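# Coordinate analysis (summary)
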Amino acid sequence: MRPPVTTPLPDLLAGAGEVRDGAHGHRVTFSPKVFIPLTRLCRDRCGYCTFATAPARIAEPFLDREAVLAIARAGAAAGCHEALFTLGERPELRYPVAASWLAEQGYGSTVEYLVAMCALVRDETGLLPHANAGALSADELGALRAVSASQGMMLESLRADLDCHRGSPDKAPERRLATLEAAGTLGIPFTTGILVGIGDSRDDRLDALEAIAAAHAAHGHVQEVIVQNFLPKPDTAMHAAPPCPAEEYLWTVAAARLVLPGDIHLQAPPNLSDDFGVLLDAGIDDWGGVSPVTIDHVNPERPWPALERLNEVTEQRGYTLAPRLTIYPSYTLAPERWLDPAMRFFVLDLSDAEGLARDASWCSGGEIAPPELLETSPVGRVPMAMPSSESPVAEILAGVLLGQEVGEREIVTLFGARGSEVRAIAAVADQLRTEIVGDDVTFVYNRNMFDHVEELSNLRSELAQQLITTQENTFRSLSRELHDDFGQILTAIGAMLARAQRRTPAEAGADKQDLREIQEVTQSTLEKVRSLSQSLHPVILEDAGFEGAIDVYLPTFEKQTGISVHYEKSGTSRELDRAVATHLYRVLQEALNNVVRHSKSPSAQVRLNYTPDEVVLEVEDRGVGLGKGGGRGMGLVSMRERAELVNGRVEFLPAEGGGTLIRMTVPAGVV
Ligand code: SF4
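## Quick look at the overall build of the chain
Counting its secondary structure elements, the chain contains 21 helices and 14 strands. Expected size for 671 residues packed as a compact globule is a radius of gyration near 26 Å; at 44 Å, the chain overshoots this value by more than 25%. C-alpha extents for the chain along the principal axes are approximately 145 × 75 × 40 Å. Considering the chain as a whole, with its 671 residues, one finds that 46% of them fall into the buried category. Excluding contacts between residues fewer than 6 apart, the proportion of contacts in the chain whose partners are at least 24 apart in sequence is 73%. Accessible surface for the chain amounts to roughly 33,600 Å². Of this, 55% is attributable to carbon and sulfur atoms.

This is the structure we're talking about:
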């Protein structure tokens, strides 16, 4: 709605504040950015400009790629998200030194070089380029779209007869409007604005704002409008001109909020007003770029307010401050329409779920700790700091304190809280906790599951390795037995039979002797085959059951190792499931093997006890004990695995009189 130029300022302020709150709530944004002044040479001669200069005053006509990268890297290190390229318009058409510098570098124009530097900064630092290159053709805008997240050009004024623009062909209104239109056709998130106080009237400004609104109505691409006040600067043609009066500036800001559609964000630079908080009263919802690294190259005499001060002023007026990207959230969240495919990853990487800038490097599952959002008082309480009563968060919290339940919509709003709103939520939660359960805080100690899983994984991989080694050892042992024992025995039998064949009838007595030897050798071979077969698979378990197998195995063990074994059975015997019997038998073998290999004990005890609920097998020695491993050796791991396969357990305990006690317990249910 275009207000009459005679509308009193208070009326405009009231209306503008209402429009802003309705369209953008209580959030005010800013863009942490670094300025890259690619060239300060310009073919135009704007009367207020202190940025453009002459070739003689600068060392090089353009920043070279190293200088560009150095600034960008400093910005990225300081937490910036945006690389704002500021530059004069087409200096190569005015200054031969600019044209030859570009030609030497292999570029045909400033815009061509700008495209290359945007890509370089994006690829090397991840910063999102915003190209502010003035009045451009559709082709130039299109080339920049592929390497930038947004672009901009101040419309400034539609007045063609302003003294300050005499000698500035790029400031012709029709060229500016054509650029604005082409950007819309190409789907470029676009920033534009007006300059107030350069000889323009209120009607002139309203005309320019209406032209911007019309372009946006056609394409939806105007993401923000900057309303900037003129301030005279030394060494410029307008150094003696009066600055834009503060009241006139406020009137224009508020009028812009009323003329522009609600979805266009309204920005006013905080460093160009002494009391910048009043700009919030005039309906702005964005402070623009604030750089922790570089000065405002266009207004070098006006430093940026510190971020803390910006936050303080914003919160004093009941608003919350949030960092944004150079591309606004509604455009970020529709990348297919507004971003070249080459830019989408970079924008996504820096944006949060709301399309705003990520303000911390923390991410779920990452190694960086989340930021601390709350400051606590010395006694640990979160200070109560309710946001403006009109803020949606404050409204929800007031309801909570009255006992109302929050629904999905309210929860989503609470998740979007920032700054003082977060502190207010924490304070209300703290108050509710105190009311409901007092000040006692309990906790549950949880095992560190990640460490446990890693430990298990390591054990399993060690076990797999051990199983492979064991398998190889078994094959090697089998091969040796077959070659050394059975091979030689069969060779000897063959030799005796051949010798018998060659004998005459008179030598029959010698045959008898050979036959006796063959019989003895065959008997001993049979025993070896049985022993080998038993070690490969205890067939006796199937024939005689677990207890029968023990009765056969223990004497054999004593005979083979020289270790005496005392065996004792208690409880009522029962038939065991085949798997249980096999695992009990293997654990018995492994436990006795440990006695042989590690204990240095001359004797061992084996106890088998049947209780109503369990079967318990114990092997105890009088040796040197478990040592540092505490039951983690691979034989012990394999025993544990076998027990778990039948829902049992294995314990490795120090024996009462010294030595080791290995106990396997199997529940009756699987017996
Ligand atoms: S076009 Fe921009 S850089 Fe060039 S003189 Fe005008 S204001 Fe300065």
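## Points about the state of the cysteines
Summed over the entire model, instances satisfying the criterion amount to zero disulfides. Cysteine C118 is unpaired, with the sulfur of C80 as its nearest cysteine sulfur at 16 Å. This cysteine, C244, is not joined by any disulfide, and C164 carries the nearest cysteine sulfur, 13 Å off. Since its relative accessible area comes to 9%, C244 is described here as buried.

## So, helix 13 (residues 341-350)
Among the residues of helix 13, those classed as buried are M343, F346, V347 and L350. Buried residues of helix 13 fall within an arc of 100° about the axis and therefore sit on the same side. Pointing more than 90 degrees away from the buried face of helix 13 are the exposed residues P341, F345 and L348. Looking at the buried residues of helix 13, the elements they touch are helix 4 (110-125), strand 3 (128-132), helix 5 (138-145) and helix 11 (329-332). Residue D340 occupies the N-cap position of helix 13, its side-chain oxygen lying 2.8 Å from the main-chain nitrogen of A342.

## Regarding the pattern of salt bridges
Here the structure, examined in full by the defined rule, presents 40 salt bridges. Of the charged contacts in the structure, one is a salt bridge between E248 and R202, with a shortest N-O distance of 2.9 Å. One end of the pair, E248, is in helix 8 (residues 246-259); the other, R202, is in helix 7 (residues 202-219), and 46 residues separate them in sequence. Here the residues in one salt-bridge network are R607, E614, E618, E620, R622, R649, E651 and R663, joined through shared partners.

## Structural notes on the nonpolar core
With 84 residues, the main nonpolar core has F85 and W287 as its most contacted residues. The residues contacting F85, other than those within four sequence positions of it, are I36, L38, V68, L114, M117, C118, V121, P129, H130, A131 and N132. With 36 residues, the next largest nonpolar core counts I550, L554, L588 and V650 among its residues.

Scoring rules and cut-offs
Position labels on residues start from 1 in each chain and follow its written sequence. This being a predicted model, a pLDDT of at least 70 is required before a residue's local features are given, and a value of 80 or more before pairs of side-chain atoms are given or counted; all residues contribute to the totals for chains, interfaces and linings. For the side-chain quantities, the full set of heavy atoms in the structure was used; hydrogens and water were omitted. The helix count covers DSSP runs of H or I at least four residues long, the strand count covers runs of E at least two residues long, and both are numbered beginning at the N terminus. Restricting the calculation to C-alpha atoms gives the radius of gyration, and the globule rule supplies 2.2 Å times the number of residues raised to the power 0.38. Only protein chains enter the accessibility calculation, which uses a 1.4 Å probe; a residue whose area is less than 20% of its type maximum is buried, one above 50% is exposed, and one in between is partly exposed. In what follows, a contact means two residues having at least one pair of non-hydrogen atoms within 4.5 Å. Working definition of accessibility: Shrake-Rupley area with a 1.4 Å probe, residue cover restricted to the visible protein chains. The definition used for a disulfide is geometric: two cysteine sulfur atoms within 2.5 Å. Within this analysis, the arc is defined by the directions that extend from the helix axis to the C-beta atoms. Polar contacts, as used here, are pairs of N or O atoms within 3.5 Å; protein pairs need one atom able to donate a hydrogen and one able to accept it. Residues neighboring in sequence count only if both atoms are side-chain atoms. A carboxyl oxygen of Asp or Glu within 4 Å of a side-chain nitrogen of Lys or Arg is what we treat as a salt bridge. Grouping buried Ala, Val, Leu, Ile, Met, Phe, Trp, Tyr and Cys residues that are joined through side-chain atoms within 4.5 Å yields what is termed a nonpolar core.

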